[in-house]
Amino acid sequence: MDPVGLKMAELLKEVQLDYSPPFTKLVDETVSAIKEAIAKIPEDFQVTADIAPGFVRDISADKFKFKFKRPKSIEIGGSYSIRSIAKPDVNVDLFVRMPKECFHEKDYLNYRYHAKRCLYLCIVKKYLNLYSVSLKVEWSTFQNEARKPILVVHPATKLIGSPGFLLRIIPTATSIFNVSKLNLDRNNIRALNQGGVLQATPKYNSSILEDLFLEDNADFVKRTFLGWKELGEALILLKVWARQRNSIYTYDCLNGFLISIIMTYLATKSGSNRISNSMNAMQIFRVTIDFIATSKLWDNGIFFRCQDKEIISVDRRASLKSFPVIICGPFADFNLSFRMTKSGFLENSISCPSNAYAVLPG
């Protein structure tokens, strides 16, 4: 093995998670315990703001009561599912699909969705604590967005010789709303107006669209990465690079999910298959870094081909023009990078190493 290959192997050995049978068994058992606790939650009781009055008040939601229904599905997603976790942050994402029956047709308005999303998690948290499936359950946020809390579960069981891990319970909202009601030029916060003229709410709308398509986008990435060892290794290297610059923890910069989306773009027809299965991990790393730093496509945004269309429409580009950075996914006119700022993107671009081997030790 050449010196570069040896250094890459050394780094991967340090940061790559060992998916050993005892470790995956512990993850599966912890997920099963969570599912069993959630299955014991009774249905059809009235949920009100009494369990999270401060949150509902702070976001100024005008309607929020609903009858509880158990999740439609609970599935592992994220980096664990594509074997691309980069230690020391060992998080297992658990997608909890909230049922449509908990929402009214117009709950996309005035933070109603965000209020119910939080209240739903409050009920889940209560029952996880009641049945003692973990050492503790605490609150965090999804992509650092305060109006989108998630639950972080600290498993009760530790495995000697394996890293500790956390389970992140992330609500999803597949098929809950009519997507056309969340077009980015629409106003869905009625209090937001100037002189009586309603203003568009693209970031608010995107926050809801994100949950509607979270599972679809995760599955799309998973289909690309599964069975492609070099692609997964390159993603781990890119996470190390981003972590070295702290951008992976910053609200308006690249994160692990967006990096995986960019790599999926480059490895599919949408991105002209710039990444091929003949490349090794370091070559894939170099191609991705170069694309982030120098591609002219960022001037107008990058667009996945729609699942049912071959051509990128002018309407898709126009609907996203208000965003400084555009990564339009394959399932809707929805900007996956809607939180990114121009300065945040430039910070990533400028910090891209001219020498692709800079991420390696030594």
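Quick note: structure is the one above.
Treat the numbers as computed from the prediction; the structure is a model and nothing was measured.

### What to know about the overall build of the protein
Counting its regular elements, the protein contains 12 helices and 11 strands. For 362 residues, the compact-globule estimate of 2.2 N^0.38 gives 21 Å, and the C-alpha radius of gyration of the protein, at 21 Å, lies within 12% of that figure. For the protein, the spread of C-alpha atoms along the principal axes amounts to about 65 × 55 × 35 Å. Expressed as a percentage of its 362 residues, the buried residues of the protein come to 53%. Counting contacts in the protein only where the partners sit at least 6 residues apart, residues at least 24 apart contribute 68% of the total.

### Description of the state of the cysteines
Counted by the stated rule, this structure contains zero disulfides. No disulfide involves Cys122; its nearest neighbouring cysteine sulfur is the one of Cys118, lying 4.3 Å away.

### Overview of the sheet that holds strand S5 (residues 134-142)
As summarised here, the arrangement of the five strands in space is S3-S4-S7-S6-S5, forming an open sheet in which the pairing is mixed. Bordering the open sheet on either side are strand S3 (73-77) and S5, each of which pairs with just one other strand. On average, each strand axis in the sheet is tilted by 30° relative to the strand beside it, whichever way the strands run. Pairing of strand S6 (residues 145-155) with strand S7 (residues 166-172) involves three bridges; the strand directions are antiparallel. Directly across from Leu151, in S7, lies its bridge partner Ile169. Across the sheet, helix H2 (residues 21-39) touches S3, strand S4 (91-97), S6 and S7, and the angle it forms with S3 is around 155°.

### Looking at unusual backbone geometry
At the junction of Lys87 and Pro88, the peptide bond is cis and its omega measures out at 15° in the coordinates. Along the chain, Pro88 turns up in the loop between helix H4 (78-81) and S4. Even without a glycine there, the phi angle at Ser60 is positive, about 60°. Residue classification places Ser60 among the exposed positions, given a relative accessible area of 54%. In the Ramachandran plot, Gln143 falls in the positive-phi region, its phi being about 50° despite a non-glycine side chain.

### Details of the packing of helix H8 (residues 229-244) against helix H10 (residues 281-294)
Orientation of H8 relative to H10, taken along the N-to-C sense of each, is 55°, at an axis distance of 8 Å. If you check the angle between H8 and H10, you find them oblique. For the element pair H8 and H10, the recorded crossing hand is right-handed. Across the interface between the two elements, Glu230, Leu231, Glu233, Ala234, Leu237, Leu238 and Trp241 of H8 pack against Ala281, Met282, Ile284, Phe285, Thr288 and Ile289 of H10.

### Focus on the pattern of salt bridges
According to the stated counting rule, one finds 18 salt bridges in the structure shown. Between Arg168 and Asp93 there is a salt bridge, with its nearest N and O atoms 2.7 Å apart. Taken together, the positions of Arg168 in strand S7 and Asp93 in strand S4 put the pair 75 residues apart, joining distant regions of the chain. By relative accessible area, Arg168 is classed as partly exposed at 21%. Put simply, Arg147 and Glu145 hold a salt bridge, and the shortest N to O gap is 2.4 Å.

### A few points about helix H6 (residues 202-212)
Within H6, nine of the 11 residues are buried, which leaves it mostly tucked inside the rest of the structure. Among the residues of H6, those classed as buried are Tyr204, Asn205, Ser206, Ser207, Ile208, Leu209, Glu210, Asp211 and Leu212. The inward-facing, buried residues of H6 contact helix H5 (112-130), S5, S6, S7 and helix H7 (214-225).

### A closer look at the nonpolar core
Within the largest apolar cluster, 114 residues are counted, with the highest numbers of intra-cluster contacts made by Ile34, Leu128, Ile169, Phe177, Met263 and Ile327. If one sorts the elements of this core by residue count, H5 sits on top with 11 residues. Residues within four places of Leu128 in sequence aside, it is in contact with Ile34, Ala37, Ile38, Val133, Val137, Val153 and Ile169. Within the second largest apolar cluster, six residues are counted, among which are Phe95, Ile150, Ile170 and Ala218.

### Describing the packing of aromatic side chains
Scanning all chains against the criterion turns up 19 aromatic pairs. Here Tyr127 and Tyr131 contribute two aromatic rings whose centre-to-centre distance is 6.4 Å and whose plane-to-plane angle is 25°, an arrangement assigned as stacked. Residue classification places Tyr127 among the buried residues on the basis of a relative accessible area of 12%. Here Tyr265 and Phe291 contribute two aromatic rings whose centre-to-centre distance is 5.9 Å and whose plane-to-plane angle is 40°, an arrangement assigned as tilted. Pair noted here: Tyr265 is in helix H9 (residues 256-266) and Phe291 is in helix H10, with a separation of 26 residues, a long-range link. Across the pair, exposure class does not vary: Tyr265 and Phe291 are buried alike.

Conventions we followed
Residues numbered from 1 in each chain as written. Predicted model: local features only at pLDDT ≥ 70, side-chain atom pairs only at ≥ 80, totals over all residues. Heavy atoms only, no water. Helix = DSSP H or I, 4+ residues; strand = E, 2+ residues; numbered from the N terminus. Rg over C-alpha atoms; globule rule 2.2 N^0.38 Å. Buried < 20%, exposed > 50% of the residue type's maximum accessible area, 1.4 Å probe, protein only. Contact = heavy atoms within 4.5 Å. Disulfide = S-S within 2.5 Å. Pairing = 2+ DSSP bridges. Axes fitted to C-alpha atoms, helices over the stretch in contact; angles between N-to-C directions. Parallel < 35°, antiparallel > 145°, perpendicular 65-115°, else oblique. Left-handed = near helix turned anticlockwise from the far one by under 90°. Salt bridge = Lys/Arg side-chain N within 4 Å of Asp/Glu carboxyl O. Core = buried A, V, L, I, M, F, W, Y, C linked by side-chain atoms within 4.5 Å. Phe/Tyr/Trp six-rings, centres within 6.5 Å; stacked < 30°, edge-to-face > 60°.

Note that every value here comes from positions in space, so none of it alone points to a role or purpose.
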